[in-house]
Amino acid sequence: MKIKLAEQRKQKPDFSKLGFGKYFTDHLLVWEYDADKGGWQEQRIEPYDDFKLDPACCSLHYGQGIFEGLKAYKTEDGKVTMFRPRDNFERMNRSAERLCMAQFDVEEAVNGLVQLIKIEEEWIPAAEGTSLYIRPFMFGTEPFLGVHPSRRFLFTVILSPVGSYYSGGLEPTRLIVEEHYTRASQGGTGEAKCMGNYAASLLAGEEAKKKGYDQVLWLDAEYKKYVTEVGSMNMMFVIDGKVVTPMLDGTILRGITRDSAIKVLKSAGYEVEERKVEIEELVSAARDGLLEEAFGTGTAAVISPVGAITYKGSDIIINGGKMGKITSWLYDRITGIQRGRYEDEFGWVKEV
Ligand SMILES: *Cc1c(COP(=O)(O)O)cnc(C)c1O
């Protein structure tokens, strides 16, 4: 590991007004891969600065790029921890495989990240709801035109101190079921956290916002019948006391918060079903008064209550538009494990 520290540290933002993803720390991790130089080079920590890229940099043209998102915390007793970092890097390797990108050593990636976070420790906010958001990403850097896999990659990690995802508290969101555009299809890249998936989803999101919704709820591409997920969150529904979530079918992102939520719920005795969920099932469950709660799961928001879902012009109102009991219980459990308020019975917390 080569370390070059910044000569001048940036002025820190007001930690009580961080918002999300607006400020970046003094350093970043860079790790270059070059097939012609034997693969992965020595990792480097350098001052945060602009990239210099060849205009023919292949990922700017053909989108060979992937990313991850996880968080580091300062716990009440002053320790610095991360939540399930190995799982993120393992998923990143699976995304890399899908996009013909280089595989990396997960242990080495975690070690590089730990060193970076140690250097940036003063950037980790401590208040409840705040954290240091970690954004690893990798993209092809070889300059060429013509569609083939890059032989060079840049693996980078940048860090951003973030406030609570919710500026106005845990307000339930309003979703609209997207009936025209699709996010992912069988055999596509839905399970990879790759850049293009998000570019492809923007138009639907913008149209939904114009109509006053927060986000779109995606259906499966083939039948437009099954609920899949929301922009950067997996979905869970409480139907007649049972927690139901769309099964991982290759089109849905394998959320780490989703996995954590399932394990925490099951260990507390809740029944959790991973299966196909028809949108019509939600409509009829709501009509029969059995759709008790709905929430999204994802690193950024952790658990996000859903108050209403619009489908074919009709509103499905959930729990009177208010956050449900299981939703708030789960939010408290997961954030509590992350911040060290509850015992880490699953071995998810890694001390830096
Ligand atoms: C990142 C992401 C999620 C959530 O994954 P976590 O590991 O829980 O953060 C869900 N859906 C999509 C499409 C995502 O990009």
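Below: a short report on this structure.

Conventions we followed
Residues numbered from 1 in each chain as written. Predicted model: local features only at pLDDT ≥ 70, side-chain atom pairs only at ≥ 80, totals over all residues. Heavy atoms only, no water. Helix = DSSP H or I, 4+ residues; strand = E, 2+ residues; numbered from the N terminus. Rg over C-alpha atoms; globule rule 2.2 N^0.38 Å. Buried < 20%, exposed > 50% of the residue type's maximum accessible area, 1.4 Å probe, protein only. Axes fitted to C-alpha atoms, helices over the stretch in contact; angles between N-to-C directions. Parallel < 35°, antiparallel > 145°, perpendicular 65-115°, else oblique. Left-handed = near helix turned anticlockwise from the far one by under 90°. Contact = heavy atoms within 4.5 Å. Nonpolar A, V, L, I, M, F, W, Y, C, P; charged D, E, K, R; others polar. Phe/Tyr/Trp six-rings, centres within 6.5 Å; stacked < 30°, edge-to-face > 60°. Lys NZ or Arg CZ within 6 Å of the ring centre and 35° of its normal. Near = heavy atom within 4 Å. Polar contact = N/O pair within 3.5 Å; in protein donor to acceptor, adjacent residues only side chain to side chain. Areas by Shrake-Rupley, 256 points an atom, 1.4 Å probe, with all protein chains shown as cover. 1 Å grid on protein atoms, 1.4 Å probe; cavity = no way out; pocket = protein on both sides within 12 Å on 5 of 7 lines; lining within 4 Å. Sits in = over half its atoms within 2 Å of the grid points. Expected span 1.5 Å × (residues − 1). Bend = angle between axes of the 7 residues up to and from the residue. Salt bridge = Lys/Arg side-chain N within 4 Å of Asp/Glu carboxyl O.

Summing up its helical and strand segments, the chain has seven helices and 19 strands in all. At 21 Å, the chain has a C-alpha radius of gyration in line with the 20 Å of a compact globule built from 352 residues. Dimensions along the principal axes, computed over C-alpha positions, put the chain at roughly 60 × 50 × 35 Å. A buried classification covers 49% of the 352 residues belonging to the chain.

Another point: the packing of helix 2 (residues 85-98) against helix 3 (residues 106-119). Put simply, helix 2 and helix 3 touch, their axes get as near as 9 Å, and they point 130° apart. Judged by the angle between their axes, helix 2 and helix 3 are oblique. When you trace helix 2 past helix 3, the crossing you get is right-handed. Where helix 2 abuts helix 3, its residues R86, F89, E90 and N93 lie against V106, E107, A109, V110 and L113. Classifying every residue of the contact of helix 2 with helix 3 gives five nonpolar, one polar and three charged.

With that settled, consider the packing of aromatic side chains. For the structure shown, the criterion picks out 21 aromatic pairs. The aromatic ring of Y48 is capped on one face by K10, whose charged end is 4.4 Å from the ring centroid.

Around the ligand lies a shell of 15 residues, among which K193, Y198, E229, T257 and T299 are the nearest. Between the ligand and K193, the relevant distance is 2.7 Å, taken from an oxygen atom to a side-chain nitrogen or oxygen of the residue. Between the ligand and T257 there is a distance of 2.6 Å, counted from an oxygen atom to a side-chain nitrogen or oxygen. Protein contact buries 97% of the 380 Å² of open area that the ligand shows by itself. Put simply, the ligand lies in the largest pocket. Contributions of two or more residues to the shell around the ligand are made by strand 13 (233-239) and helix 5 (256-267). Split into classes, the residues belonging to the shell around the ligand amount to four nonpolar, seven polar and four charged.

This brings us to helix 4 (residues 195-210). Under the 1.5 Å per step criterion, the end-to-end length of helix 4 is 24 Å for 16 residues, consistent within 8% with the ideal 22 Å. Bending of helix 4 peaks at approximately 35° at the position of L202. Buried within helix 4 are the following residues: N197, Y198, S201, A204, G205 and A208. Check the buried side of helix 4 and you find it contacts strand 5 (65-67), strand 10 (173-177) and strand 11 (215-219).

A word on the side chain of S59. Within the secondary structure, S59 sits in helix 1 (residues 58-62). Setting aside residues no more than four positions away along its own chain, S59 makes contact with Q64, F139 and G140.

Before going further, it helps to spend a moment on the pattern of salt bridges. The tally for this structure, following the rule as stated, stands at 24 salt bridges. With a shortest N-O distance of 2.8 Å, E68 and R91 are connected by a salt bridge. One end of the pair, E68, is in the loop between strand 5 and strand 6 (70-74); the other, R91, is in helix 2, and 23 residues separate them in sequence. Side by side, E68 and R91 carry an identical accessibility label, which is buried. Bridged by salt links that share partners, the residues R84, D87, D259 and K263 form one connected network.

Below, the discussion takes up the environment of E273. Structurally, the position occupied by E273 is in strand 15 (residues 272-275). For the pair E273 and V243, spaced 30 residues apart in the sequence, the C-alpha separation amounts to 6.2 Å. Beyond its immediate chain neighbours, meaning those up to four positions away, E273 contacts K242, V243, V244 and T245. For E273, the side chain forms a polar contact with the side chain of K242, separated by 3.3 Å.

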